[in-house]
Amino acid sequence: MTIFQGAATAMITPFKDDKVDFTSLERLVKHQLDGNIDALVVNGTTGEPTTMTHDERTAVASAVIEIVAKRVPVILGAGSNNTYTAREYAEEAQDLGADGLLVVTPYYNKCTQNGIVQHYKVLADAVDLPIIMYNVPSRTGVNIAPETALKLAGYRGIVGIKEASGNVTQFTEVARLTEGKLDLYSGDDGLVLPILALGGKGVISVASNIVPQYMHDMVQTFLDGDIAKSRKMQLDICPLVKALFCEVNPIPVKCAAKLMGLCEDDYLRLPLTRMEKRDYLRDEMRAFGLNV
């Protein structure tokens, strides 16, 4: 039940006058499709769902699913620190026609490893969609231990894990223990090659909001066997990736999207605010060859 192989974009949600900008959203989706992206993730962390209303989340998901029209998988974020709210999101995603779910661990509650297992099992039991678990302890305060990943590997529709701990040793242990029972994805644009080398299927990327073709090509080049070229592409994009994360995601990538004309405004819902290191980001984008 692999959902995708390659590069998926963790999409931003464009706003204008404090409302979802659906014109810019369509432009962003078309930019992704033109860039041969392999999948789209909507209403994930980068999309600011925690400061959107339920109706807004539903409208954005519906719009992207309609625009994409099954050309690539659309994966909807269904995370919450309330297991039953997450279940409602998952059930709605299935009704909307999503191709899969990205489910972050419960945040703030700091549940036990057993709590993580039970949380994911409730969601898996509720829907028939494939689920990618999302491990990002720097944001959530809880880590999916490798042994926990093994317990969940293959349970009903639990098919993958997005690993954004920044800990390559942990990812290696997940790969060793699960032995192909989970599809493994990088959640860090700067660690795509190490994770591919450990058997990963690809990346769920922030950078691909602005450079989808490059991220697709970097992963596909590796999968095609040209490791040296893919490694050079990873090293070449590192300065841009550093700039895209010099402030809290998605602040820089929203600024970058506006600089490229992909959206009209780089407005973010509070408590996130517009980028301060704008000149630094623009310089790195130009150094990478982007016309901004």
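See the structure shown above.
Attention in this report is confined to the structure presented alongside it. Since the structure is predicted, the reported quantities are computational estimates derived from the model, not experimental observations.

Quick word on the packing of aromatic side chains
No. 1: Evaluation of the coordinates by the stated rule reveals three aromatic pairs.
No. 2: For the pair phenylalanine 4 and tyrosine 185, a centre-to-centre distance of 4.4 Å together with 20° between the ring planes defines the contact as stacked. With phenylalanine 4 in the segment before β1 (6-10) and tyrosine 185 in strand β9 (residues 183-186), this pair connects stretches of sequence that are 181 residues apart. The same class applies to phenylalanine 4 and to tyrosine 185, which are both buried.
No. 3: With 6.2 Å between their ring centres and 90° between their planes, phenylalanine 15 and tyrosine 267 make a pair best called edge-to-face. Here tyrosine 267 lies in the loop between α11 (251-259) and α12 (278-287) and phenylalanine 15 lies in strand β2 (residues 15-16), a separation of 252 residues in the sequence.

Re the packing of α11 against α12
No. 1: Where α11 contacts α12, the axes come no closer than 10 Å and their chain directions differ by 60°. Comparing the axis directions of α11 and α12 gives the class oblique. Along this stretch, α11 crosses α12, giving a crossing that reads as right-handed. Taken together, the residues of α12 that come into contact with α11 (itself represented by Pro252, Cys255, Ala256 and Leu259) are Arg278, Leu281, Arg282 and Met285.

Considering the pairing of strand β6 (residues 100-104)
No. 1: Among the five residues of β6, five are classified as buried, and the element is accordingly described as predominantly covered.
No. 2: Residues of β6 alternate between two faces, with Gly100, Leu102 and Val104 on one and Leu101 and Val103 on the opposite face, all of them buried.
No. 3: Relative to β6, strand β5 (residues 74-77) runs parallel, the two sharing three bridges. Bridge pairing in β6 links isoleucine 75 to glycine 100.
No. 4: For the handedness criterion, the β-α-β arrangement of β5, helix α3 (residues 83-96) and β6 is classed as right-handed.
No. 5: Alignment of β6 against strand β7 (residues 131-135), held across four bridges, turns out to be parallel. Considered in β7, the bridge of leucine 102 is made with isoleucine 132.
No. 6: On the question of chirality, the crossover connecting β6 to the parallel β7 by way of helix α4 (residues 113-126) is right-handed.

Calculation notes
- Here the residue index of a chain counts from 1 through its sequence in written order.
- Where local features are concerned, this predicted model is filtered to residues with pLDDT of at least 70; where side-chain atom pairs are given and counted, the filter is 80 or more; whole-chain, interface and lining totals use all residues.
- Each side-chain value is worked out from all heavy atoms of the structure, with water and hydrogens disregarded.
- Here a pair means two rings of Phe, Tyr or Trp (six-membered ring of Trp) with centres within 6.5 Å. Their orientation is stacked below 30 degrees between planes, edge-to-face above 60, and tilted elsewhere.
- Comment: elements are numbered from the N terminus, with helices defined as DSSP H or I runs of at least four residues and strands as E runs of at least two.
- Residue exposure (1.4 Å probe, protein chains only): buried if accessible area is under 20% of the type maximum, exposed if over 50%, otherwise partly exposed.
- Here, axes are lines fitted to C-alpha atoms. For helices the fit covers the stretch in contact, and angles between N-to-C directions go from 0 to 180 degrees.
- Oblique is the label for any angle not covered by the other classes, which are roughly parallel (under 35 degrees), roughly antiparallel (over 145) and roughly perpendicular (65 to 115).
- By definition, any crossing whose near helix is turned counterclockwise from its far helix by less than a right angle is left-handed, and any crossing with a clockwise turn is right-handed.
- Any two residues whose heavy atoms approach within 4.5 Å are treated as being in contact.
- Strands were regarded as paired on the criterion that DSSP finds at least two bridges between them.
- Classification remark: right-handed applies to a crossover when, strands pointing away from the viewer, the course from the first strand over the helix to the second runs clockwise.

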